[in-house]
Amino acid sequence: MQKITFTQTHNVFLDNGIVAVYRYLQKVERKELSRLEPFSLIKGVNYALEPDKLWINHHDLFGLLEALYYAMGREVYDTFTDKQENESGNLFFDVDPMGNLTATPFPKMNTYGLTELLTNNAQGTTPKEEDTIKIDAIRKQNPVLATQIETEFGKRNLKLLSKVYFNGPYTKLTRLETPQNAHFELGTHPCYLTGELVKRLVDAQNISPFFSGIGAFRSHRSGNDTKVSWKALYLSRFSAATCFYQYPSKLRDALNVYLVYSDNLTNLHEILQDKFGPITRPLDVLRKQEYVANFPQSDENNPLGRSSDFIGRNENLFYLLFTLYNNVMGERPNVDNRELLKLLGVADRTLGIVSMRAESFAATMRPNQFENLHHVKFVFALIHKLGQQGVSIPNVWLSLKLIKPSLQSNRDRYRMERQFRERFVGKVLNGQSILADMEGFFNDCYGYLLDVLNEPGKSIGYKRYNELIKFISAYELIVNQNIMQNEELQRRALNLGSQVGQGILNYNQNDRKTNARQGRKYIIALRKANQFAGFMDQLSRVQSRFTLNISRDLLEGINENNYDWIKQFVIISALNQINPELSPKSDKTPNQ
């Protein structure tokens, strides 16, 4: 067998695997992989990526596929830090024909990112089964050799574990079943991932719960119903080479993973190479930063701040897209949407991102969130539109961190402070209204500010309320069908809210902070008005109490269908006046 074809499956993992295989074939052609130099490849002759498939044609096809697999594994799976390299915490051995033993140190390795989900960071093994032998077996069969091995470990003060490795270091990549013609010939056994029928399937060799859940759907009619084709298993391992990932902390107790997809393979390859490639961290930088995240390339000058500030799946997905947008667009704010998408390379291409989150449980990383964001173009257009309108997304995102003052000493405060922002960003990514959420946010800020009013050392953190108002107003006009048809009514509701806030602060010429505290009952009453008549009664009460001049056009425009969102804008705008007054002076800025 000299030719193999990997066909597009529209499975995000397998399609990314195809593109990754193509990348490594290009590396072989460019002689960038020293161990594959004997393989001479020419694009168009020995391999080619087409919109719906990747084909490879070589006289030593199986040898090339195996060599390519383990070369990828050395770069993507066999990862170690500078510290691990310096310590060289393991040994492999070579035995010459005369029986002389040579020990070579190599670093202990770990798998990070999607590779951790695929292998669960299992103990390393060698490509050839006979090169991994348990020390107990060696002690029984060759006590002299076992003593020599123990001596080599002892000389270096290294711990000898259960397995000994020969003829090379171990790899963290799952050992590849030797390919045979039966793996590719038409047969009767279906692969549940690709749908293809072959003569022989292979076990989905994986101890990770990432794939083990498939067992819940077993028919139990056949021993093959959890097996996959050789191609599917091969590609699934390669998919880790094109993913993006981030650990929220060096404790690595949670993991966010992102996989890009497009309408065909050539588009996917070009998007990953031309647009996502420049924001991907090089291998040397990854090692220095201990593989905490493989994007962005650098966060020193990122408008959103350092990547470590974002820990949720949604937060980091937006961070990835915002970074790509700024890397491509630079200082070009005046282009229209069509030109924007052309610059981003997606004007005539589908672009989506699958995101998942896994958290540590019982020594394994277990995925507990999964989402397919299929309208990435909308997110780019939204970022662009808000920028054109003068909305500072970095200031908004920074202002959305919030935690109850009594919980500020909690050991989990870093995550708790970002919970609201994670939920908020998830809605923004999906084009959902955030009006009710932001009404609650402004009200929570109000309550927390009152809680810390008499505690000078406490604060609820940086808040740019004016920027938040600008974002809410502009965003709801884009995504909320009811509001986009009533922009003037929205403006009047915001003006009324400002009047309410200033009326509370200036009431009876008392101290403004005292008025802010005492005015809370009016805000609570407005929030509790969950029927049209009740809301109108509360407006009348506030108008009478604070001598407000409410626009006739606004009063005539309020009805059963729109009073709820008008109420929310009124409350948000009122609290936009009150909250800055309660903020500690050090938190206040001229634009707050």
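Quick note: structure is the one above.
Just so it is clear, the structure is predicted and the values come from calculations on it, not from any experiment.

Rules of the game
- Residues numbered from 1 in each chain as written.
- Predicted model: local features only at pLDDT ≥ 70, side-chain atom pairs only at ≥ 80, totals over all residues.
- Heavy atoms only, no water.
- Helix = DSSP H or I, 4+ residues; strand = E, 2+ residues; numbered from the N terminus.
- Buried < 20%, exposed > 50% of the residue type's maximum accessible area, 1.4 Å probe, protein only.
- Contact = heavy atoms within 4.5 Å.
- Areas by Shrake-Rupley, 256 points an atom, 1.4 Å probe, with all protein chains shown as cover.
- Lys, Arg positive; Asp, Glu negative; His and termini not counted.
- Charge placed at Lys NZ, Arg CZ, Asp CG, Glu CD.
- Salt bridge = Lys/Arg side-chain N within 4 Å of Asp/Glu carboxyl O.
- Axes fitted to C-alpha atoms, helices over the stretch in contact; angles between N-to-C directions.
- Parallel < 35°, antiparallel > 145°, perpendicular 65-115°, else oblique.
- Left-handed = near helix turned anticlockwise from the far one by under 90°.
- Nonpolar A, V, L, I, M, F, W, Y, C, P; charged D, E, K, R; others polar.
- Expected span 1.5 Å × (residues − 1).
- Core = buried A, V, L, I, M, F, W, Y, C linked by side-chain atoms within 4.5 Å.
- Pairing = 2+ DSSP bridges.

Examining the overall build of the protein
Logical step 1: Within the protein, the regular secondary structure consists of 25 helices and 15 strands.
Logical step 2: Expressed along its principal axes, the backbone C-alpha trace of the protein runs to roughly 100 × 55 × 50 Å.
Logical step 3: Among the 592 residues that make up the protein, the fraction classed as buried is 52%.
Logical step 4: For the protein, contacts bridging at least 24 residues in sequence account for 71% of all contacts bridging at least 6.
Logical step 5: On the protein, roughly 27,200 Å² of surface is accessible, and the fraction owed to carbon and sulfur atoms is 47%.
Logical step 6: Of the side chains in the protein, 72 bear a positive and 63 a negative charge, and the two mean positions are spaced by 4 Å.

Things to note about the pattern of salt bridges
A side chain of one charge can pair with a side chain of the opposite charge when the charged atoms of the two come close.
Logical step 1: Enumeration according to the criterion identifies 29 salt bridges in this entry.
Logical step 2: D203 is the salt-bridge partner of K227, the closest N and O atoms lying 3.9 Å from each other. Of the two residues, K227 is situated in strand β11 (residues 227–228) and D203 in strand β10 (residues 202–203); the sequence distance between them amounts to 24 residues.
Logical step 3: With its nearest N and O atoms 2.2 Å apart, the salt bridge here joins R349 to E270. Of this pair, R349 sits in the loop between α12 (337–343) and β14 (352–361) while E270 sits in helix α9 (residues 265–276), and the two are 79 residues apart along the sequence.

Focus: the packing of helix α18 (residues 465–479) against helix α20 (residues 487–505)
Logical step 1: At their nearest, the axes of α18 and α20 sit 11 Å apart, and the two run at 160° to each other. If you check the angle between α18 and α20, you find them roughly antiparallel. In this structure, α18 meets α20 at a crossing whose hand is right-handed. Within the contact between the two elements, α18 uses I469, S473, E476 and L477 and α20 uses E487, Q490 and L494.
Logical step 2: Across the contact of α18 with α20, the residue classes tally to three nonpolar, two polar and two charged.

As for helix α2 (residues 61–76)
Three- or four-residue spacings in an α-helix give side chains the same orientation, since the helix completes a turn every 3.6 residues.
Logical step 1: Taking 1.5 Å of rise per residue, the 16 residues of α2 would be expected to cover 22 Å, and the 22 Å separating its terminal C-alpha atoms lies within 8% of that figure.
Logical step 2: Of all 16 residues that make up α2, 12 are buried, and the element is covered over most of its length.
Logical step 3: Of all the positions in α2, only L61, F62, L64, L65, A67, L68, Y69, Y70, A71, M72, G73 and V76 are classed as buried.
Logical step 4: Looking at the buried side of α2, the elements it contacts are β1 (3–7), α1 (12–29), β3 (53–57), α4 (114–119) and α8 (230–238).

A word on the side chain of N579
Logical step 1: In this structure, N579 sits in helix α25 (residues 563–582).
Logical step 2: The exposure class assigned to N579 is buried, which follows from its relative accessible area of 0%.
Logical step 3: Contact partners of N579, with chain neighbours within four places excluded, come to F442, C445, Y446, L449 and Y465.

Focus: the nonpolar core
Logical step 1: Residues F276, F318, W397, F424, M438, F442 and F471 are the most contacted members of the largest nonpolar core, which totals 99 residues.
Logical step 2: With 11 residues, the single largest contributor to this core is α25.
Logical step 3: Ignoring anything within four residues of it in the chain, the contact list for F471 reads L386, V391, V396, W397, F424, V428 and I434.
Logical step 4: Residues I4, L33, F62 and A67 belong to the second largest nonpolar core, which totals 66 residues.

Quick notes on the sheet that holds strand β12 (residues 244–246)
Logical step 1: Strand order in the open sheet made by the four strands is β12-β13-β14-β15, with antiparallel pairing throughout. Each of the sheet's edge strands pairs with one partner strand only, and the pair in question is β12 and β15 (364–373). Within the sheet, the average angular offset between the axes of one strand and its neighbour, ignoring direction, is 20°.
Logical step 2: Relative to strand β13 (residues 254–261), β12 is paired through three bridges, and the arrangement is antiparallel. Looking at the pairing, Q246 lines up with N256 of β13.
Logical step 3: Strands β12, β13, β14 and β15 of the sheet are contacted by helix α11 (residues 313–329), whose axis makes an angle of about 140° with β14.

Quick look at the pairing of strand β2 (residues 47–50)
Logical step 1: As defined by bridge partners, β2 adjoins β3 across four bridges and the pair is classed as antiparallel. Bridge assignment links A48 to a residue of β3, and that residue is W55.
Logical step 2: Counting the residues that bridge the hairpin from β2 to β3 gives two residues.

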